[in-house]
Every structure is written in structure tokens, then in C-alpha cells.
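Commentary on secondary and tertiary structure
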Amino acid sequence: MNIVPDRNTPVPQLIVQWVYTGIGLTLSTGATVGFIALFELLILLLRPDIVDKVNRVRIVPTEELPCQYDFVIIGGGSAEAVLDNRLTENTNWTILLLEAGGDEPIISAVPALSYGLLNTGLDWQFKSEPSSTYCKGMVNNQCPMYTGKVLGGTSSINTLLYVRGNRRDYDNWRDAGNPGWGYDDVLPYFEKAENMTIPGLRESPYHGTSGPLTVENPSYKHPIK
Ligand SMILES: *[C@@H]1O[C@H](CO)[C@@H](O)[C@H](O)[C@H]1NC(C)=O
Ligand SMILES: *[C@@H]1O[C@H](CO)[C@@H](O)[C@H](O)[C@H]1NC(C)=O
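The model shown is predicted, which means the values in this text are computed figures rather than measured ones.

Focus: the nonpolar core
- Of all hydrophobic cores here, the largest spans 13 residues; its most connected members are Ile43, Ile107, Leu113, Leu117, Leu122 and Ile157.
- For this core, the element with the most residues is helix α2 (residues 32-46), which contributes three residues.
- Apart from the residues within four sequence positions on either side, isoleucine 157 is in contact with Ser114, Leu117, Leu118, Leu122, Asp123, Tyr146, Thr147, Gly148 and Val150.

Spelled out as C-alpha cells, the structure:
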């Protein structure tokens, strides 16, 4: 591969040429780290909108934080982001959102690189219980349950699944002495938060289409599936 640039090549074309050379080199040496670093560089150069420097999380000294809040949200995943956004519509309320992990890395923006984020510090690395009836092809019959330990939660490591609890879970909560937490009570709020985009489910009485939480099928289907 030709790494030495031609003197007459215009600069933008040169950058592209180097980038392709870089991809080629990293791929041929199998250097995943180099490949990811290259991707980060590409995003920095070509998609500063994704990097969104201005709105990145800032470190605020603990002394500067208020001593009390009207609401404390535990977890910084997609659902909590919707909740936080809704509560902050009332500017008189103070909300503390707690997340165990840090800010999302830039490569979060590339779903295909998801595997580079799994089983790292950004993942709680939970495993299912050993079982004799499922995950039988896995070590110790345990499947990985990827769960994001990062701002944006599991959506930031691109393994998010939209799954609601079972009707009986909520009804059990209500029956245990929590009026307002039964399935029929919470369903309208699930619907209000949801933007279901899957044809055939948009008309369902169990789904909403005008909320901030967009639900869709994965856009990439592997031919083997
Ligand atoms: C916020 O507080 C101000 C002053 O007490 C009050 O006038 C205003 O209505 C409140 N806003 C909301 C959304 O409650
Ligand atoms: C719902 O998702 C679709 C597809 O991504 C988008 O075009 C639409 O604006 C979303 N609606 C809302 C209310 O966010």
C-alpha cells in the first residue's frame, strides 16, 4: 500500500488517502485498538456534531452541588433521561440524576462497534443464572446480560432492548399496598413516553407513537439470521 503522498494531491484528498491507509494497516494487523482509535479520529474530524463538545458532561466539584433536591433519579439510561427531561420542564424543580458510570465514549455513535464496548468498564458484565434449560451452549450455561454502566445506559453500548415488565409485576406492587402502580395505572405512562415506529405495532392499544423514546427494530439484519 502506498503511504507516501503524491506531492500534487490536494490536502482533503490526502487526508482521505491516509485514513484509508490507516484502516488498511489496522485491519491487516488485526489491531482492534488501533481501529477504534482511528474511528474516533474520523468522527472527531468529520462529525463534530456527534462529539457535541459543548453539551458534554462537565466535572462539578461536590461542594458546588445543592444539599437537597426535589427529585433523585437513580440511573442515567434512556428511561431516566425521558423522566429527567419531563421533570425539568418545571424549572422550579431541582433534580439529581445519579449514574455509576461516566460519559459515553465517542464510538458509542457507531452501533457496529458495539462489541468494542462490551465486557469493558462500560458494561456491568452481568450474567444470567446458570441453567439446565437455556444458554446451554455457553460456559457454565450462563449468558452475558449486557448492561451499560455509562451515561445513556445500555443504549450507549448499543445493546438496548425495549422490554416492559410483566402485567403481574405491576399488579403485585399495587396489591402489596402501592395504589397507582398497577398495570392499568402505569400503561398510559409507558404509552406517553413511547414513539413506536414498527409497522403493525403503531396501532396497538399497548403502544404510543408521540413520546420521546423511539422504539424500532434493529436497522441491520445479518444475512445468516
Ligand atoms: C415557579 O415559581 C414561581 C415563583 O414562585 C411561580 O410564579 C411559577 O408559577 C412557578 N412555575 C411553575 C411551573 O410552577
Ligand atoms: C418517532 O420516530 C420517527 C422515526 O425515527 C421520527 O421521524 C419521529 O420524529 C419520532 N417522533 C417523535 C415524536 O419523536
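A closer look at the packing of helix α5 (residues 167-175) against helix α6 (residues 183-193)
- Relative to each other, α5 and α6 sit at 120°, their axes nearing to 8 Å. One element, α5, and the other, α6, form an angle in the oblique class. Packed against α5, whose contacting residues are Arg167, Tyr170, Asp171 and Arg174, the element α6 presents Tyr183, Asp184, Asp185, Val186 and Phe190 at the interface.
- Among the residues making up the contact of α5 with α6, the classes are represented as four nonpolar, no polar and five charged.

Quick look at the packing of aromatic side chains
- Evaluated as defined, the whole model comprises six aromatic pairs.
- Ring geometry for tyrosine 170 and tryptophan 173: centres 5.4 Å apart, planes at 80°, overall edge-to-face. In this pair, tyrosine 170 and tryptophan 173 both sit in helix α5, three residues apart, roughly one turn of the helix.
- Among the residues examined, tyrosine 170 registers a relative accessible area of 9% and is labelled buried.
- On the basis of relative accessible area, tryptophan 173 is assigned to the partly exposed category, the value being 44%.
- With 5.9 Å between their ring centres and 70° between their planes, tyrosine 170 and phenylalanine 190 make a pair best called edge-to-face.

Focus on the state of the cysteines
- Enumeration over the complete set of coordinates arrives at one disulfide.
- Disulfide pairing is shown between cysteine 135 and cysteine 143; the S-S distance is 2.0 Å. Taking the sign of the S-S torsion, -120° for the link of cysteine 135 and cysteine 143, the bridge is left-handed.
- By relative accessible area, cysteine 135 is classed as buried at 17%.

Let's talk about unusual backbone geometry
- The phi angle at glutamine 125 is positive, at roughly 60°, despite the residue not being glycine.
- In this structure, glutamine 125 sits in the loop between β2 (95-98) and β3 (126-127).
- Judged by its relative accessible area of 40%, glutamine 125 falls in the partly exposed class.

So, the UniProt feature "domain: Glucose-methanol-choline oxidoreductase N-terminal" (unreviewed entry) in the protein
- As recorded in UniProt, the sites labelled "domain: Glucose-methanol-choline oxidoreductase N-terminal" (unreviewed entry) are residues 148-171.
- Here residues 148-171 runs as 21% helix and 0% strand, with 28 Å between its end C-alpha atoms.

Points about a nonpolar patch on the surface
- A grouping of Leu41, Leu44, Leu45 and Leu46 is seen on the molecular surface, where their side chains present a nonpolar patch of about 390 Å² in accessible area.
- Mapped onto the elements of the fold, leucine 45 is located in helix α2.
- For leucine 45, a relative accessible area of 51% puts it in the exposed group.

A few points about the site of ligand 2
- Taken together, Asn195, Thr197, Ser210, Gly211 and Thr214 make up the full set of residues adjacent to ligand 2.
- Asparagine 195 is positioned with one of its side-chain polar atoms (N or O) 2.4 Å from an oxygen atom of ligand 2.
- Alone, ligand 2 offers 360 Å² of accessible surface; in the complex the protein occludes 37% of this.
- Residues of the shell around ligand 2, tallied by class, amount to no nonpolar, five polar and no charged.

Here's the deal with the pairing of β2
- Where strand β1 (residues 71-74) lies against β2, four bridges are found, and the strand directions are parallel. From the neighbouring strand, isoleucine 74 faces β2, where its bridge partner is leucine 98.
- Crossover β1 to β2 through helix α4 (residues 78-87) is right-handed.

Here's the deal with the side chain of aspartate 123
- The topology assignment puts aspartate 123 in the loop between β2 and β3.
- For the buried aspartate 123, which has no salt bridge, the nearest side chain bearing the opposite charge is lysine 127, at an N-O separation of 8.4 Å.
- From its side chain, aspartate 123 meets the backbone nitrogen of glutamine 125 in a polar contact 2.9 Å long.
- Among the polar contacts listed, one links the side chain of aspartate 123 to the backbone nitrogen of threonine 147, at a separation of 3.2 Å.
- Leaving out residues up to four positions away in the same chain, aspartate 123 has contacts with Leu117, Leu118, Tyr146, Thr147, Lys149 and Ile157.

Cut-off values and rules
Residues numbered from 1 in each chain as written. Chains lettered and ligands numbered in written order. Predicted model: local features only at pLDDT ≥ 70, side-chain atom pairs only at ≥ 80, totals over all residues. Heavy atoms only, no water. Core = buried A, V, L, I, M, F, W, Y, C linked by side-chain atoms within 4.5 Å. Buried < 20%, exposed > 50% of the residue type's maximum accessible area, 1.4 Å probe, protein only. Helix = DSSP H or I, 4+ residues; strand = E, 2+ residues; numbered from the N terminus. Contact = heavy atoms within 4.5 Å. Axes fitted to C-alpha atoms, helices over the stretch in contact; angles between N-to-C directions. Parallel < 35°, antiparallel > 145°, perpendicular 65-115°, else oblique. Nonpolar A, V, L, I, M, F, W, Y, C, P; charged D, E, K, R; others polar. Phe/Tyr/Trp six-rings, centres within 6.5 Å; stacked < 30°, edge-to-face > 60°. Disulfide = S-S within 2.5 Å. UniProt positions renumbered as here; feature names shortened; annotations may be inferred. Patch = residues over 30% accessible without salt bridge, like charges linked within 9 Å, V, L, I, M, F, W, Y side chains within 5 Å. Areas by Shrake-Rupley, 256 points an atom, 1.4 Å probe, with all protein chains shown as cover. Salt bridge = Lys/Arg side-chain N within 4 Å of Asp/Glu carboxyl O. Near = heavy atom within 4 Å. Polar contact = N/O pair within 3.5 Å; in protein donor to acceptor, adjacent residues only side chain to side chain. Pairing = 2+ DSSP bridges. Right-handed = clockwise from strand over helix to strand, strands pointing away. Lys, Arg positive; Asp, Glu negative; His and termini not counted.

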